[in-house]
Amino acid sequence: MPDDSHEARLKAYEGLPATVAGLAKDPVNAPMIRHWCEALGDTNPAYTGPDPIAPPTMLQVWTMGGLSGHPPRTDAYEQLLALLDESGCTAVVATDSEQEYVRPLRLGERVTFDSVIESVSPRKSTKLGAGHFVTTRTELRVQSGELVGTHRFRILKYAPPQRLPDRPRPVINRDNSPFWEGVRSHRLLLQRCTACTALRFPWLPGCADCGSPDWDTLEASGEGTVYSYVVMHHPPFPAFDPPYAVALVELAEGVRLVSNVIGVPCDKVRIGMPVTLEFRAYDDELTLPVFRPQESAGGPA
Ligand code: ZN
């Protein structure tokens, strides 16, 4: 547990340099300005023509290292980051960016920059985890030494939570909300066209067979077979613990849905395997339909 002396050690880095005598890799130039304006859809005529200025919001662009690497950090900044890593704050996220523009940059000017560790916050609890906000303040100059802008940049160095994060939530909208209400009450509801009786899954605003928007529901019996499956190993997603089987289950009613097969090692899942519906609560808010092989019904998860 971090104590007061840890916080005092972090605090001691305030005011120390983070970057010294950084030099923009490229002078201010028309191609980079044009790409920026095209990406953002900015058609301001000040950024084109014979004597354009760079968009002020490009300020940070001139200090960025790109794939060939950033200017070296000072020992002080490296030590601060290492100290945070050692205390368990190994994850990082950028949280704030604040810029002041003193005067526009023109073609051919080369930016130099220095930054300082402006502040290190006490340990804070955040939704991502507990950690410290580290704010650096960069002064950007042209080579004559004239200040053209400042950039304050804040990161959160935090301790990532040990448990798996929550699963992603389903996107619930007006077309599918009755399906998810059904899941909450442990009923797998299929949409049935009242004009032609075709079943539809996933839920849609109209019938793919006859185009009718009218529907009622049919509760699935819960019996099905594995129509196809994959075993996920890579890439890992934060809320999931690979390897696991993702199956396309064909319900006895004839429609198919993507779900997990549980209660069996993922390398034992087979096409044609009979499975039975179950509802699994993944956290306080999220219940999902999953399938268990029939021979292992009632067995371990
Ligand atoms: Zn229909």
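Look up: the structure comes first, before these words.
Conventions we followed
- Residues numbered from 1 in each chain as written.
- Predicted model: local features only at pLDDT ≥ 70, side-chain atom pairs only at ≥ 80, totals over all residues.
- Heavy atoms only, no water.
- Helix = DSSP H or I, 4+ residues; strand = E, 2+ residues; numbered from the N terminus.
- Rg over C-alpha atoms; globule rule 2.2 N^0.38 Å.
- Buried < 20%, exposed > 50% of the residue type's maximum accessible area, 1.4 Å probe, protein only.
- Contact = heavy atoms within 4.5 Å.
- Lys, Arg positive; Asp, Glu negative; His and termini not counted.
- Charge placed at Lys NZ, Arg CZ, Asp CG, Glu CD.
- Axes fitted to C-alpha atoms, helices over the stretch in contact; angles between N-to-C directions.
- Parallel < 35°, antiparallel > 145°, perpendicular 65-115°, else oblique.
- Left-handed = near helix turned anticlockwise from the far one by under 90°.
- Phe/Tyr/Trp six-rings, centres within 6.5 Å; stacked < 30°, edge-to-face > 60°.
- Lys NZ or Arg CZ within 6 Å of the ring centre and 35° of its normal.
- Pairing = 2+ DSSP bridges.
- Donors = N, O, S within 2.8 Å, 3.2 Å for Na, K, Ca; no water.
- Tetrahedral: all angles 85-135°; square planar, octahedral: opposite > 155°, others 65-115°.
- Salt bridge = Lys/Arg side-chain N within 4 Å of Asp/Glu carboxyl O.

Q: Looking at this model, I keep getting lost on the overall build of the protein. Mind explaining?
A: When helices and strands are counted, the protein shows four helices and 13 strands. Against the compact-globule benchmark of 19 Å for 301 residues, the protein has a radius of gyration of 28 Å, which places it well outside the compact range. Residues counted as buried form 35% of the 301 residues belonging to the protein. Here the contacts in the protein between residues at least 6 apart in sequence split such that 62% fall between residues at least 24 apart. Positive and negative charge centroids in the protein, built from 29 and 37 side chains respectively, lie 1 Å apart.

Q: Teacher, can you tell me more about the packing of helix H1 (residues 4-11) against helix H3 (residues 75-86) here?
A: Angle between the axes and distance between the axes: these two values describe a pair of packed helices. Packing of H1 against H3 brings their axes to within 10 Å, and their N-to-C directions diverge by 155 degrees. Considered as vectors, H1 and H3 are oriented roughly antiparallel to each other. Viewed along their axes, H1 and H3 form a crossing whose handedness is left-handed. Residues His6, Arg9 and Leu10 of H1 touch H3, and the partners they reach there are Leu80, Leu83 and Leu84.

Q: It is not clear to me how the packing of aromatic side chains should be interpreted in this structure. Could you clarify?
A: All chains considered together, the criterion is met by five aromatic pairs. With a centroid separation of 5.4 Å and an interplanar angle of 70 degrees, the aromatic rings of Phe179 and Phe201 are classed as edge-to-face. Of the two residues, Phe179 is situated in helix H4 (residues 177-184) and Phe201 in the loop between strand S7 (199-200) and strand S8 (215-219); the sequence distance between them amounts to 22 residues. Here Phe179 falls in the buried class, since its relative accessible area comes to 6%. Stacked on the ring of Tyr282, the Lys or Arg Arg167 has its end atom at 4.0 Å from the ring centre. Its guanidinium or amino end placed over the ring of Tyr227, Arg256 lies 3.6 Å from that ring's centre, counting from NZ or CZ.

Q: What exactly am I supposed to notice about the sheet that holds S8 here?
A: Sheet strands pair via backbone hydrogen bonds, and the direction of the pair is either parallel or antiparallel. In space, the three strands of this open sheet follow the order S7-S6-S8, with antiparallel pairing throughout. Either end of the sheet is taken by a strand with one partner, and the two such strands are S7 and S8. Bridge count between strand S6 (residues 189-193) and S7: two bridges; the pairing is antiparallel. Within the sheet, the bridge partner assigned to Arg192 lies in S7 and is Leu199.

Q: Teacher, can you tell me more about the coordination of the zinc ion here?
A: For a metal bound by four donors in tetrahedral geometry, the ideal donor-metal-donor angle is 109.5 degrees, whereas six donors in octahedral geometry ideally sit at 90 or 180 degrees. Around the zinc ion, the protein contributes the donor atoms Cys193 (SG), Cys196 (SG), Cys207 (SG) and Cys210 (SG), at 2.3 to 2.4 Å from the metal centre. One way to put it: the four donor atoms around the zinc ion meet at angles of 102 to 115 degrees, and that makes the site tetrahedral. In primary-sequence terms, the residues that donate to the zinc ion follow C-x2-C-x10-C-x2-C. With Cys196 in the loop between S6 and S7 and Cys210 in the loop between S7 and S8, this residue pair connects regions lying 14 residues apart in the sequence. Here Cys196 falls in the partly exposed class, since its relative accessible area comes to 30%. For Cys210, a relative accessible area of 41% gives the class partly exposed.

Q: Mind showing me how you'd approach the pattern of salt bridges here?
A: Pairs may arise between side chains of opposite charge once their charged atoms sit close together. The tally for this structure, following the rule as stated, stands at 19 salt bridges. The salt bridge partner of Arg154 is Asp96, with a shortest N-O separation of 3.4 Å. Of this pair, Arg154 sits in strand S5 (residues 147-158) while Asp96 sits in strand S2 (residues 91-101), placing them 58 residues apart in sequence. On the basis of relative accessible area, Arg154 is assigned to the partly exposed category, the value being 23%. With relative accessibility at 35%, the residue Asp96 sits in the partly exposed group. Measuring nitrogen to oxygen at the nearest pair gives 3.1 Å for the salt bridge that ties Glu146 to Arg103. Of this pair, Glu146 sits in the loop between strand S4 (131-142) and S5 while Arg103 sits in the loop between S2 and strand S3 (111-120), and the two are 43 residues apart along the sequence.

Q: I'm lost on the pairing of strand S10 (residues 244-251) in this one. Help?
A: Consecutive side chains along a regular strand alternate between the two faces of the sheet. Here eight bridges tie strand S9 (residues 223-232) to S10, and the two strands are oriented antiparallel to one another. If you follow Met232 over to S10, its bridge partner there is Tyr244. The sheet contact formed by S10 and strand S11 (residues 256-260) spans five bridges and is antiparallel. Paired with Glu250 across the strands is Arg256, a residue of S11. Two successive antiparallel strands, S10 and S11, enclose a turn made up of four residues, where Gly254 displays a positive phi of approximately 110 degrees.

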